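A closer look at the structure
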Amino acid sequence: FHRVFKKTSGNGGLTLYLGKRDYVDNVTAVDKVDGVVKLDPADFGDRKVFVQLACAFRYGNEDLDFMGLQFRKDIWIQHYQIYPADHKPAPSAMHETLLKKAGDNAHPFTFEIPPNLPCSVSLQPGPDDKGKACGVDFEVKTYLAKEKSNPDEKIEKKDTARLVIRKIQYAPSQAGAGPKAEICKSFMMSDKPVHLEASLEKDLYLHGESIPIKIKINNESNKTVKNFKITVDQTTDIVLYSADKYTKAVLIQEFGETVEAGSTYDNTVTITPLLAENKEKRGLALDGRLKDEDTNLASTTVQFSTNHMFYSDWLVCFLCSDVTVELPLILMHPKPQGILLITPTNKC
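Because the structure is a prediction, the values reported are computed rather than measured. (Residues numbered from 1 in each chain as written. Predicted model: local features only at pLDDT ≥ 70, side-chain atom pairs only at ≥ 80, totals over all residues. Heavy atoms only, no water.)

**Side note on the overall build of the chain**
Note the following rule: For helices the rule is a DSSP run of H or I covering at least 4 residues; for strands it is a run of E covering at least 2, with both sets numbered from the N terminus onward. Contacts are residue-level and defined by heavy atoms, with any inter-residue pair within 4.5 Å sufficient. For the area figures, the Shrake-Rupley method with a 1.4 Å probe applies, and any residue is considered shielded solely by the protein chains shown.
From N to C terminus, the chain includes one helix and 20 strands. Contacts in the chain between residues at least 24 apart in sequence constitute 69% of all its contacts with a sequence separation of at least 6. Carbon together with sulfur atoms contributes 48% to the accessible area of the chain, which is approximately 18,100 Å² in total.

Below is the structure:
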């Protein structure tokens, strides 16, 4: 049994079939988007049938689209004409499954998503925001038209069928060595410094996984070190339409510890950054979601190319007595069973 996703146009003449909605970015290549469109050409007239895959960034609510203005920017788009047939992809096992499901007068298609496109991501709306969230999405659409992309040709909603898909990345099968940061800080009126060290057991953690942070302090100064605080910050870098980079704290945890002058501190504290504790934080980057599905904090962007247009990064900060150390954090989903991944060699 293979699950099939389908959507039929309002006029009943087009039915779009896909075998899955999630397409894995293996860093060097992305799963092919194999699908099928079933046709009932009785009312097509002189119009043709096209299928397209578009990656777009929405930076305004659909309700704000008016007078021809759209708060949406197409990042990448590709069209094929499938009726009369002008696109003959190499047959695949997915095509075979979908053609059997669709029956007669069904036409296969294949799209290849460039690996340098951003993964699906949405920006969390505020409590009073309505409509579709801002972010990056991918959509497969089949439609009736005289020309494939004539801006002056109006395409009726009833003449289209569309399905949103996701481009996603999974964590590599093995985590790397954990990062370590240390600093030596001197204070006024003290001859000796404070040595602070923080480290993680590994470089990669899964969404919802507890993150232990090992902390060592050697207080050689004559001052008491106090006011311990750990923050987890998400940095979102949007370079689609402007250099828009901002940081939001998703976790702030304070500890009532003190380290007296001339003493040491060696302890491990555990934190867990969760979306559930940040539901009303507007603009927080989340992994892209399909309708009515839950999501989570945006995964770390892992890639080779510098051409990505949307980045998400994580940073753990430990602060005490105006001394700060920072640890980079990779936060991702585990790969489901049966999916082969290529372990990336550099990360962003």
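**A short note on the packing of aromatic side chains**
Going by this rule: The criterion for an aromatic pair is that two Phe, Tyr or Trp rings (for Trp, the six-membered ring) have centres within 6.5 Å, with stacked assigned to planes under 30 degrees apart, edge-to-face to planes over 60 apart and tilted to the rest. Under the scheme applied here, a residue whose accessible area is under 20% of the maximum for its type counts as buried, over 50% as exposed, and between as partly exposed, the area being computed with a 1.4 Å probe on protein chains only.
Evaluated as defined, the whole model comprises six aromatic pairs. Both rings, one in Phe44 and one in Tyr83, keep their centres 5.6 Å apart while their planes meet at 75°; by these two values the pair is edge-to-face. Of this pair, Phe44 sits in the loop between strand 4 (33-39) and strand 5 (48-58) while Tyr83 sits in strand 6 (residues 72-83); the two residues are 39 residues apart in sequence, bridging distant segments of the chain. We classify Tyr83 as partly exposed; its relative accessible area is 27%. Members of the aromatic cluster, each reached through a chain of ring pairs, are Tyr80, Phe109 and Phe111.

**Considerations on the sheet that holds strand 7 (residues 106-111)**
Heads up, the condition is: DSSP bridges decide pairing: two strands pair if at least two such bridges lie between them. Every angle, taken between N-to-C directions, lies between 0 and 180 degrees, and every axis is a line fitted to C-alpha atoms, over only the stretch in contact when it is a helix.
The strand order across the open sheet formed by four strands is 1-2-4-7, and the pairing between neighbours is antiparallel. Each end of this open sheet is capped by a strand with a single partner; those strands are strand 1 (5-8) and strand 7. In this sheet, neighbouring strand axes are inclined to one another by 20° on average, regardless of whether the strands run parallel or antiparallel. Helix 1 (residues 93-102) rests against strand 2 (14-18), strand 4 and strand 7 of the sheet, and its axis sits at about 20° to strand 4.

**Regarding the side chain of His95**
Convention followed: For the purposes of these results, a polar contact is taken to be a pair of N or O atoms within 3.5 Å, where, inside protein, one atom must be able to donate a hydrogen and its partner to accept one; residues adjacent in sequence count only when each atom of the pair is a side-chain atom.
Positionally, His95 belongs in helix 1. Classification of His95 by relative accessible area gives buried; the value is 2%. In terms of polar contacts, His95 uses its side chain to reach the side chain of Thr110, at 3.3 Å. Apart from the residues lying within four places of it in its own chain, the contact partners of His95 are Asp34, Gly35, Val36, Pro89, Ala90, Pro108, Phe109 and Thr110.

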